[in-house]
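Residues per chain are reported as follows:
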Amino acid sequence: MTQARAPYMEWAKNRPRPRIDLAGSNLLACSIDDLPGAREALDFAGENPNGFPPLVEAIAAHARIAPEGVATATGAAGANFLACAALLERGDDVVAEWPGYDPLVGTARMLGADVRFFERRFDEGWAIDPGRVAAAMTARTKMILLSNPHNPTGVLAPPEVVDGVARAAGHAGALVLVDEVYLETVEGDAPVPAATRSPGCISTNSLTKAYGLPALRCGWALAPPPVAEAIRRARDVVDGSGSIPAERLSALAFRHLPALRERAARILAANRALWRAFAETSAIDCVSPAGTVAFPRLPDGADGMAFADRLMARDGVAVAPGSFFGAPGHFRVAIGGDTGKLAEGLDGIARELGR
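Presented here is an overview of the structure given in this document. (Residues numbered from 1 in each chain as written. Predicted model: local features only at pLDDT ≥ 70, side-chain atom pairs only at ≥ 80, totals over all residues. Heavy atoms only, no water.)

Things to note about the layout of surface pockets
Counted as a void, the largest pocket has a volume near 1,200 Å³. Taken together, 49 residues make up the lining of the largest pocket; nearest its centre are Met9, Ser25, Asn26, Tyr101 and Lys209. Counting only elements with at least two residues in the lining of the largest pocket, the list comes to helix H1 (7-14), strand E1 (20-21), helix H4 (75-87), helix H5 (102-110), strand E12 (331-334) and helix H13 (339-354). Taken together, the residues that form the lining of the largest pocket break down as 24 nonpolar, 13 polar and twelve charged. The space that makes up the second largest pocket amounts to roughly 610 Å³. In terms of lining residues, the second largest pocket is bounded by 29 residues, among which Glu184, Asp189, Ala190, Tyr211 and Arg261 are the most central. Of all the secondary structure elements, the ones that give two or more residues to the lining of the second largest pocket are helix H3 (53-63), strand E7 (201-206), strand E8 (218-222) and helix H11 (257-281). Of all the elements, H11 adds the most residues to the lining of the second largest pocket, at six residues. Its residues assigned to classes, the lining of the second largest pocket shows 16 nonpolar, six polar and seven charged. (1 Å grid on protein atoms, 1.4 Å probe; cavity = no way out; pocket = protein on both sides within 12 Å on 5 of 7 lines; lining within 4 Å. Points joined across faces, edges and corners; volume = space filled by probe spheres on them. Helix = DSSP H or I, 4+ residues; strand = E, 2+ residues; numbered from the N terminus. Nonpolar A, V, L, I, M, F, W, Y, C, P; charged D, E, K, R; others polar.)

Laid out in structure tokens, this is it:
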């Protein structure tokens, strides 16, 4: 039997379908009518050898960088893979956060890199400790893997911390890959992408988590132009180019981003209020999240996998066990979906905690 390279993703794809799904992390998906002009814009014709040009230009304008610094991909996951494929070789060292998102680690390992970890701790608010990052680095370290906001906890690292890690990595000849797929879900004005602040960073993102457009699979990497070019050339041997219909619709989505952002803000404001009320009255500890996921700790050292199994069996509510992210006493809850289902799902969690 083939060993899973990313156990969380294998579980997510093959688990039983729940009545209420709080195990993912997407914003509530848009319908086609949420994107004005989508039906008229749909077309099979066009050229996108290095990304559909209007889409590349829209991403660049959104990130306030030159188009030469943009590489398109199939979702943020695809951008992460292409960036690693472009820059890592067998025997390189990679430093990754833990708890963390296991497909990032699986990508590095699949490419032959050796992965070392630095710890992010609950009792420190899941903060990044630059000293621990430095201690995990070796002379062979080529890349540091971060997510910001952090997956699975939803905690946002301050820009100065990420930039400091990038400076330290640069002194060692390494780059920092920052998965920023939740960045534009934070309350207020989202921080600018790390790649626009620091030449030592690669930022990856998509239209999925913040804007409710997962079906478009529109992802991208932002990087210094030579690095972005290496990522584009890596795509030549993976999938060549994206889907013309999807990239046309993605370019249209960028024209409607203010309206999509308002929709997301309405959903998240209601859902965060529900989550905060739940967190204040329940028997769990949780660092306040900035993104669309929360990562509560169960009381008395209870096991997150057993809790998730009981919750699914008794209430039909799915949450993601923390063991998939390296923290078995926790579970991850999605707070970006349908508000009514979130309320019902939190009631189910409260009942299970009471049992």
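Overview of the nonpolar core
Residues Leu145, Leu177, Ile202 and Ile231 are the most contacted members of the largest nonpolar core, which totals 37 residues. Elements with a minimum of two residues in this core: H1, strand E2 (70-74), H4, strand E3 (93-98), H5, strand E5 (141-147) and helix H9 (225-235). Those residues in contact with Ile202 that lie beyond four places of it in its chain are Ala83, Leu87, Leu175, Val176, Leu177, Val178, Ala195, Ala221, Leu222, Ala223, Val227 and Ile231. Grouped together as the second largest cluster of nonpolar side chains are 28 residues, Ala38, Leu222, Leu249 and Phe254 included. (Core = buried A, V, L, I, M, F, W, Y, C linked by side-chain atoms within 4.5 Å. Buried < 20%, exposed > 50% of the residue type's maximum accessible area, 1.4 Å probe, protein only. Contact = heavy atoms within 4.5 Å.)

So, the packing of helix H10 (residues 244-255) against H11
The contact between H10 and H11 brings their axes to 5 Å, and the two run at 75°. Compared by their axis directions, H10 and H11 come out roughly perpendicular. Of the residues in H11, those touching H10 at Ala253, Phe254 and Arg255 are Leu257, Pro258 and Leu260. (Axes fitted to C-alpha atoms, helices over the stretch in contact; angles between N-to-C directions. Parallel < 35°, antiparallel > 145°, perpendicular 65-115°, else oblique.)

Looking at the sheet that holds strand E9 (residues 293-294)
Reading across the sheet, the three strands line up as E9-E12-E11 and stay open at both edges, with antiparallel pairing between neighbours. Looking along the sheet, the strands with just one partner apiece sit at the ends: E9 and strand E11 (320-321). (Pairing = 2+ DSSP bridges.)

Quick look at the packing of aromatic side chains
If you walk through the whole model with that rule in mind, you get twelve aromatic pairs. An aromatic cluster is defined as three or more aromatic residues linked by ring pairs; in this entry it consists of Tyr8, Trp11, Tyr101, Phe122, Trp126, Phe295, Phe324 and Phe325. Of note, Arg15 hangs over the ring of Trp11, and the distance from its end group to the ring centre comes to 5.1 Å. (Phe/Tyr/Trp six-rings, centres within 6.5 Å; stacked < 30°, edge-to-face > 60°. Lys NZ or Arg CZ within 6 Å of the ring centre and 35° of its normal.)

Structural notes on H13
Look at H13: 23 Å from first C-alpha to last across 16 residues, which is about the 22 Å you get at 1.5 Å a residue. Among the residues of H13, those classed as buried are Leu342, Gly345, Leu346, Gly348, Ile349 and Glu352. Taken end-on, H13 shows its buried residues confined to a sector of 155°, consistent with a single buried face. Among the residues of H13, the N-terminal cap falls to Asp338, whose side-chain oxygen and the backbone nitrogen of Gly340 are separated by 3.1 Å. (Expected span 1.5 Å × (residues − 1). Arc of directions from axis to C-beta. Polar contact = N/O pair within 3.5 Å; in protein donor to acceptor, adjacent residues only side chain to side chain.)

Looking at the side chain of Asn148
Following the sequence through the fold, Asn148 ends up in the loop between E5 and helix H7 (159-171). Within the structure, the side chain of Asn148 is placed 2.7 Å from the backbone nitrogen of Ala157, a separation counted as a polar contact.

Here we look at H9
Those residues of H9 lying buried are Val227, Ala228, Ile231, Arg232, Ala234 and Arg235. In a view along the axis of H9, the buried residues occupy a sector of 155°, so they form one face of it.

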